[in-house]
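Overview (structure and organization)
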Amino acid sequence: MRNFIYLLLPLLLLTVSCEDDDDTIGAEAELTVAFRGSFGEEDLAIQSATYDYPTGEQLKVLLFQYYVSDLELLPFDGGDPVRLSDIELIRWMSATEAPSSSKTFTVPTGNYRGIRFGLGVKPELNAQDPSNFPANGVLNENEFWNANARYVFAKIEANADLEGDGTFDTPLTYHMGSDGLFTTITFEQDFTLDNNEDPQLTIVADVLAALSDGTNTFNISNPDQQRVHGGNQAVATGIWNRLADQFKLEVR
């Protein structure tokens, strides 16, 4: 009998070990990624808040949006990125919208070293016609210029009070997009997902920083710098570069 128990014990240990392995393989966690809009140190309030501009004018933001391509987590061990989404349209367009919106993804547990995404519509999607996508999808004809310019990657629209009379009667319209503007943004920030107080990632975009980075301030009083819509690419590139540089990641 004793010999039988000795023979049986290794089999029991092997069974328990296999069961433990099964419990850990494929473990998943719910990750929340929030996108927050701001204007300097203030939350972004569409159509309602009045913001001071560095050159003395005031403005109200009417619309702020941008595309995010290939949103991915970067594993700490250097393995293959974990794809969260192929394409997202992040948008603030209504006075009823909160400054932050969140998306939840199911991802493998483990240690990560950061997150990255492409600002704009990646070239292989930008080459597509909107008829190839659902009418209610993010790549719809409302964001499509034409067969040459393709999709609008980002929009900033506002009304400015240039005379200081309380009348916001000068429209500012900046629509940007082309394959040459597509920019990959990477945040190096360690975090762990283990279903135990998992962090929330917040990607912050600052409209003011896209127009004024502290060194170069966009002259919204200049009529030549009040509108970008396909043309005026020198102005578009300046805004785009500041937009791409100003993103921040908060991990809480």
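For clarity, every value in this text was computed on a predicted model and none was experimentally measured.

Moving on, we get to helix α4 (residues 233-245). Between the first and last C-alpha of α4 there are 18 Å, a value that for 13 residues agrees with the 18 Å anticipated at 1.5 Å per step. Every buried residue of α4 is listed here: Val-235, Ala-236, Ile-239, Trp-240, Arg-242, Leu-243 and Ala-244.

This paragraph deals with the pattern of salt bridges. Two side chains with opposite charge may pair up if their charged atoms get near one another. Summed over the entire model, instances satisfying the criterion amount to 12 salt bridges. The partner of Asp-86 in a salt bridge is Arg-83, and the shortest N-O contact between them spans 2.6 Å. Glu-143 is paired through a salt bridge with Arg-91; the nearest N and O atoms lie 2.8 Å apart. Linking Glu-143 in the loop between α2 (123-126) and β8 (154-161) with Arg-91 in strand β5 (residues 82-92), this pair joins segments that are 52 residues apart in sequence. Taking relative accessible area as the criterion, Glu-143 reaches 4% and is therefore assigned buried. Given a relative accessible area of 30%, Arg-91 falls into the partly exposed group. When salt bridges with common partners are traced through the structure, they connect Asp-70, Glu-72, Arg-83, Asp-86, Arg-116 and Lys-122 into a single cluster.

What follows is about the packing of aromatic side chains. This model, assessed by the stated rule, comprises 12 aromatic pairs. Residues Phe-39 and Tyr-51 carry aromatic rings whose centres are separated by 4.3 Å and whose planes lie at 15° to one another, so their mutual orientation is stacked. Of this pair, Phe-39 sits in strand β1 (residues 28-39) while Tyr-51 sits in strand β3 (residues 51-52), and the two are 12 residues apart along the sequence. Residue classification places Phe-39 among the buried residues on the basis of a relative accessible area of 3%. Here Tyr-51 falls in the buried class, since its relative accessible area comes to 0%.

This part covers the nonpolar core. One finds Leu-59, Tyr-66, Leu-73, Tyr-174 and Phe-247 to be the most contacted residues of the largest nonpolar core, which totals 66 residues. Sorting elements by how many residues they give to this core places strand β4 (residues 58-75) first, with 8 residues. Among residues more than four places away in sequence, those in contact with Tyr-174 are Ala-154, Lys-155, Ile-156, Leu-211, Phe-218, Ile-220, Gln-225, Gln-226, Arg-227, Val-228 and Ile-239.

Parameters and conventions
Residues numbered from 1 in each chain as written. Predicted model: local features only at pLDDT ≥ 70, side-chain atom pairs only at ≥ 80, totals over all residues. Heavy atoms only, no water. Helix = DSSP H or I, 4+ residues; strand = E, 2+ residues; numbered from the N terminus. Expected span 1.5 Å × (residues − 1). Buried < 20%, exposed > 50% of the residue type's maximum accessible area, 1.4 Å probe, protein only. Salt bridge = Lys/Arg side-chain N within 4 Å of Asp/Glu carboxyl O. Phe/Tyr/Trp six-rings, centres within 6.5 Å; stacked < 30°, edge-to-face > 60°. Core = buried A, V, L, I, M, F, W, Y, C linked by side-chain atoms within 4.5 Å. Contact = heavy atoms within 4.5 Å.

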